[in-house]
Amino acid sequence: MKFLKKVFFHPLHKYIIATILVLVIFIVNLCLNNFKELIHYINGVQIGGAVVFLIGGLSLVSYFGAFDTFGYAFSKLRRNPEKNYRDMYEFVSVKEEERKDQKFSFMPYFVTGLFFILIGMFLMIFL
């Protein structure tokens, strides 16, 4: 149960943001296709779900530290005396400690994206 809580129970605003993003993509898709056919509605739901799912994938990659090199480079440009790291190893170590407290912050995007992809598949099969 502790694992399920860590994976699926996140603040509600993250799920709401992901859902709003799907709805914005859905509406943009319908505006581009003039609200004419049912297939455009189904495509809008699936495209929105896929985009949010891929954003979750990008968050997953970031969670595991793929962009730490860029973060270190930008931290050197800022020249903040409070957060002056000696080298990249120290920067990565600090970031790993910060990520231990995040508890799968990418999961709301995966769950919401997969939910809308499955809704689109269901509509495509049964309509």
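Residues numbered from 1 in each chain as written. Predicted model: local features only at pLDDT ≥ 70, side-chain atom pairs only at ≥ 80, totals over all residues. Heavy atoms only, no water.

A. How the structure looks around unusual backbone geometry. The backbone phi angle of asparagine 34 is positive, close to 65°, even though this residue is not glycine. Tracing the sequence through the fold places asparagine 34 in the loop between helix H2 (12-32) and helix H3 (38-63). Despite not being glycine, phenylalanine 35 has its phi angle at roughly 55°, a positive value. For phenylalanine 35, the location among the structural elements is in the loop between H2 and H3. (Helix = DSSP H or I, 4+ residues; strand = E, 2+ residues; numbered from the N terminus.)

B. Highlighting the pattern of salt bridges. What the rule picks out here adds up to four salt bridges. Notably, a salt bridge pairs arginine 99 with aspartate 68, separated by 2.9 Å at the nearest N-O pair. Linking arginine 99 in helix H5 (residues 88-99) with aspartate 68 in helix H4 (residues 68-78), this pair joins segments that are 31 residues apart in sequence. For the pair shown, arginine 99 and aspartate 68 are each scored as buried. (Salt bridge = Lys/Arg side-chain N within 4 Å of Asp/Glu carboxyl O. Buried < 20%, exposed > 50% of the residue type's maximum accessible area, 1.4 Å probe, protein only.)

C. Region of the structure containing the packing of aromatic side chains. By the definition in use, this model includes 12 aromatic pairs. Aromatic pair phenylalanine 106 and phenylalanine 110: ring centres 5.9 Å apart, planes at 80°, arrangement edge-to-face. We note that phenylalanine 106, like phenylalanine 110, is buried. Three or more aromatic residues link up through ring pairs in this structure, and these residues are Phe53, Tyr63, Phe64, Phe104, Phe106 and Phe110. (Phe/Tyr/Trp six-rings, centres within 6.5 Å; stacked < 30°, edge-to-face > 60°.)

D. Looking closely at the nonpolar core. Residues Ala18, Val22, Phe26, Leu30, Val45, Val52, Tyr109 and Phe116 constitute the largest nonpolar core, which totals eight residues. Counting only elements with at least two residues in this core, the list comes to H2, H3 and helix H6 (107-126). By residue number, the principal contributor to this core is H2, which donates four residues. Of all hydrophobic cores here, the second largest spans six residues; its members include Val7, Phe104, Phe106 and Met107. (Core = buried A, V, L, I, M, F, W, Y, C linked by side-chain atoms within 4.5 Å.)

E. Quick peek at the environment of isoleucine 117. As for its position among the elements, isoleucine 117 is in helix H6. For the pair isoleucine 117 and histidine 10, spaced 107 residues apart in the sequence, the C-alpha separation amounts to 21 Å. Once residues within four sequence positions are removed from consideration, isoleucine 117 is found in contact with Gln46, Gly49, Ala50 and Phe53. (Contact = heavy atoms within 4.5 Å.)

Interpretation in functional terms is not warranted from these geometric data alone.
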